[in-house]
Amino acid sequence: MGIRPIDVARIDGGPQWVEALATPGGVEVWWDEPRPREGGRRCVVRRLPDGTLVDALPEGWNARNRVVEYGGRSWRPLPGGGLVFTEWADQRLHRLDGGGGPVPLTPEGPSRYADLYLAPGRDEVWAVRETGDARDIVAVPLSGGPVRVIVKAQHFVMNPRLSPDGRHVSWIGWEHPNMPWDGTELCVAPLGDDGAAGPHRVVAGGPEESVTQAEWRDGDSLYAVTDPSGWWNVHLVRRDGSGGRNLTPMELEFGHPPWKPGLTTMAVADGRLVVVHGTADRRRLGVLDPDGGGLREIGGDATHWAPTVSAAAGVAAAVAATPYTPLEVRLVDLDGGGHETVSAPRPVPERHLLPTPEAVTIDGVHAHLYPPAGVEGPAPFVVFVHGGPTGNHPIMLDLEIAYFTSRGLGVAVVNYGGSTGYGRAYRERLRHQWGVVDVQDCARVARGLVELGRADAARIAIRGGSAGGWTTVAALVHSDVFAGGVAHYAITDPESWAGETHDFESRYLDGLIGPLPEARQRYTDRSPLLHAARASGPCLMLHGLEDAIVDVSQAERFVAELDRHGKRWALLTYPGEQHGWRREETIVAVLEAELAFYGLVFGFDTPEVPPLVLMGRPQGEA
């Protein structure tokens, strides 16, 4: 028996929004973590200087928000042990202090709040406020009172920061049709006596330069993670826009695609910078001396550091993983380099059940291979396709992968053209080529594994979620490599999706395929829905019924077309789930269905999971 679905569910996801806080008693560390057994809520956890772990958010409360639908930084610790956070159920900001329950700080209504920031010296929390398709930066008094608008500028804004002298505010903004990894502007404006920003100046970034994070160095300059060189490097920029310099002129990424406002890969620490950097094959943690002292690695054995980092009192708090340990909060000494894991241990299967990943490049395509357990010679393989598509799959423990490799299935994770972690040029291979380059790269890796004698050509499947689900169904209809596909909350028809989806991604396809109506023929040519008759094998569709990013109708229409053309299919839907699986029972059900599907497609028995019935009848069958 291999790894069980419940093992995967109970270690699914990881900590995020970590923060180190210096207190008179020592350094406290705060983070939030998923609770699949509690309906998938995010619980804020506080680690006291003596090592005691405390749930800072009572049971029943969920520190999440829906800004840009993916959500953003959802809480901040307050001096003295309090907490300000966004609650999922009402999307309002709440304050929680000892001895009482959470108290709302913002009015009822349609507004959502994210990217929370405590402006030094001010009894207020700053946040990105989203109301409909409009966003601004606001200040919310911690003692209650009217919400004040600080910045109303670009269509999208994030990363509000107050200068050390309290005289200027900075933020990052961008406009449609850009996505934040295409081009953003780092803006600086004087802060008036009324608490609102005056006219702003753009000090870094532009239509083809992406600033992902900025922090003040002093009253006259900022550190900014930006990519004029083609790589997200750390730059020093002047407040007046009079020039700057690259502090890390390396072909390494010091940034991360800002899918969620509030992600951090850089923290200021006593004149130094703690930086998350590397490639998608290995993400490192380091200490950067911005005055010419170089970059010193302090990441230890971790192969991946998540885009959340904080520093206080000579230590950094960050989230790390290895191929054999899950995402965990670590406290790292900036001088000695010592590591201490401070989050609660999570149960991990025995080492022999876990695959050892291998980073490879096949025909110019980056991939990570996870070998199947107990299989000699060519094995059945599943190509995993990450979402985004502007994202990547790092090398780290992934029990979802191990669930399949422990049952004799090899897994190839393809960081296809368009993936982050390899510089802008690799990322922009997908420009106007979505549904072409991603499909071809996945097929190249699959064929390469066959040529290397590692994969059985007749038993290769493909699977992915969201944009990875799109590549899955596109590969089924536009290639002949795959015996079947599993698509989690997948886009199946790009033109209809562009008209149905939320504001943040409503112009995403301008860069991925082309603007409408000028590029309509590309949409028609690449649409899996319109070419379902070409499917090379059966398809399992899995979808949440509360998905506001990809509506379930995308799956329903696709399987209807598969059925019309005599193809095999199954569609399973899950009430209460949004874009991604968060509940323990859903994660278990999805994994069991996926294994049952591979059993049907590859021809092996799966008695340990409920049977799956494929609908439809192949053409020519009586």
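Heads up: the structure comes first, above all this text.
Residues numbered from 1 in each chain as written. Predicted model: local features only at pLDDT ≥ 70, side-chain atom pairs only at ≥ 80, totals over all residues. Heavy atoms only, no water.

*Asks:* Could you give an account of the nonpolar core, naming the residues involved and the relevant values?
*Replies:* One finds Leu186, Val234, Val383, Trp434, Phe482, Met541 and Phe558 to be the most contacted residues of the largest nonpolar core, which totals 91 residues. Sequence-distant contacts of tryptophan 434, that is, excluding residues within four places in its chain, are made with Pro389, Ala467, Trp470, Thr471, Ile491, Leu509, Leu512, Ile513 and Arg526. Grouped together as the second largest cluster of nonpolar side chains are 41 residues, Ala9, Leu397, Leu542 and Phe597 included. (Core = buried A, V, L, I, M, F, W, Y, C linked by side-chain atoms within 4.5 Å. Buried < 20%, exposed > 50% of the residue type's maximum accessible area, 1.4 Å probe, protein only. Contact = heavy atoms within 4.5 Å.)

*Asks:* Provide a residue-level description of the sheet that holds strand β1 (residues 16–23), including the pertinent values.
*Replies:* The strand order β1-β2-β3-β4 describes an open sheet built from 4 strands, whose pairing is antiparallel. The open sheet is flanked by β1 and β4 (53–55), the only strands paired with a single partner. Recorded for the sheet is a direction-independent mean angle of 25° between the axes of neighbouring strands. Where β1 and strand β2 (residues 26–35) come together, 6 bridges link them in antiparallel fashion. Looking at the pairing, threonine 23 lines up with glycine 26 of β2. (Pairing = 2+ DSSP bridges. Helix = DSSP H or I, 4+ residues; strand = E, 2+ residues; numbered from the N terminus. Axes fitted to C-alpha atoms, helices over the stretch in contact; angles between N-to-C directions.)

*Asks:* Give a description of the packing of helix α4 (residues 437–451) against helix α5 (residues 467–478) that names residues and reports values.
*Replies:* At a closest axis distance of 9 Å, the pairing of α4 and α5 adopts a crossing angle of 75°. Taken together, α4 and α5 sit at an angle that is classed as roughly perpendicular. Of α5, the residues touching α4 (which contributes Asp438, Val439 and Cys442) are Trp470, Thr471, Ala474 and Ala475. Tallied by class, residues from the contact of α4 with α5 come to 5 nonpolar, 1 polar and 1 charged. (Parallel < 35°, antiparallel > 145°, perpendicular 65-115°, else oblique. Nonpolar A, V, L, I, M, F, W, Y, C, P; charged D, E, K, R; others polar.)

*Asks:* With reference to specific residues and values, describe unusual backbone geometry.
*Replies:* In this structure, proline 389 follows glycine 388 across a cis peptide bond, with omega equal to 0°. The topology assignment puts proline 389 in the loop between β31 (379–385) and α2 (399–405). Note that the residue after leucine 516, namely proline 517, is joined by a cis bond; omega there is 5°. Phi is positive for alanine 313, close to 50°, though the residue is something other than glycine. Topologically, alanine 313 is positioned in the loop between β25 (304–312) and β26 (315–321). The exposure class assigned to alanine 313 is exposed, which follows from its relative accessible area of 58%.

*Asks:* Before we move on, can you summarise the pairing of β25 with the specific residues and values?
*Replies:* The two faces of the sheet receive side chains in turn, since in a regular strand these alternate between them. With 9 of its 9 residues buried, β25 lies for the most part within the structure. In this sheet, β26 lies alongside β25 in antiparallel orientation, the contact comprising 6 bridges. Bridge pairing links serine 310 to alanine 317 in β26. Here β25 folds back onto β26, and the loop between the two strands holds 2 residues, one of which, alanine 313, carries a positive phi near 50°.

*Asks:* Would you mind going over the side chain of aspartate 227 in detail, with residue names and values included?
*Replies:* Tracing the chain through its elements places aspartate 227 in the loop between β18 (221–226) and β19 (233–238). Reaching out from aspartate 227, the side chain makes a polar contact with the side chain of arginine 424 at a distance of 2.9 Å. Aspartate 227 has contacts with Glu209, Ser210, Trp232, Arg424 and Arg427, leaving out every residue within four places of it along the chain. (Polar contact = N/O pair within 3.5 Å; in protein donor to acceptor, adjacent residues only side chain to side chain.)

*Asks:* Could you give an account of the environment of threonine 52, naming the residues involved and the relevant values?
*Replies:* Among the structural elements, threonine 52 can be located in the loop between β3 (41–47) and β4. Each C-alpha atom of the pair threonine 52 and glutamate 28 lies 9.9 Å from the other, and the pair is 24 residues apart in sequence. Ignoring sequence-local partners within four residues, the contact set of threonine 52 consists of Arg46 and Arg47. One polar contact links threonine 52 to aspartate 50, side chain to side chain, over a distance of 2.9 Å.

*Asks:* Could you give an account of helix α10 (residues 584–602), naming the residues involved and the relevant values?
*Replies:* An ideal rise of 1.5 Å per residue puts 27 Å on 19 residues; α10 measures up with 27 Å between its terminal C-alpha atoms. Summarising burial for α10: 16 of the 19 residues are buried, a large majority. (Expected span 1.5 Å × (residues − 1).)

*Asks:* Describe the sheet that holds strand β36 (residues 569–574), listing the residues and the values that go with them.
*Replies:* Strand order in the open sheet made by the 8 strands is β29-β30-β32-β31-β33-β34-β35-β36, with mixed pairing throughout. Unpaired on one side and paired on the other, β29 (358–362) and β36 mark the two borders of the sheet. The average undirected angle you get between the axes of adjacent strands in this sheet is 20°. Strand direction decides the pairing type here: β31 and strand β33 (residues 455–465), joined by 6 bridges, are parallel. Paired with alanine 379 across the bridge in β33 is alanine 455. Relative to the sheet, α5 contacts β31, β33, β34 (484–488) and β35 (539–544), its axis offset from that of β33 by approximately 140°. Relative to β34, α10 is tilted by about 165°, and along the sheet it contacts β31, β33, β34, β35 and β36.

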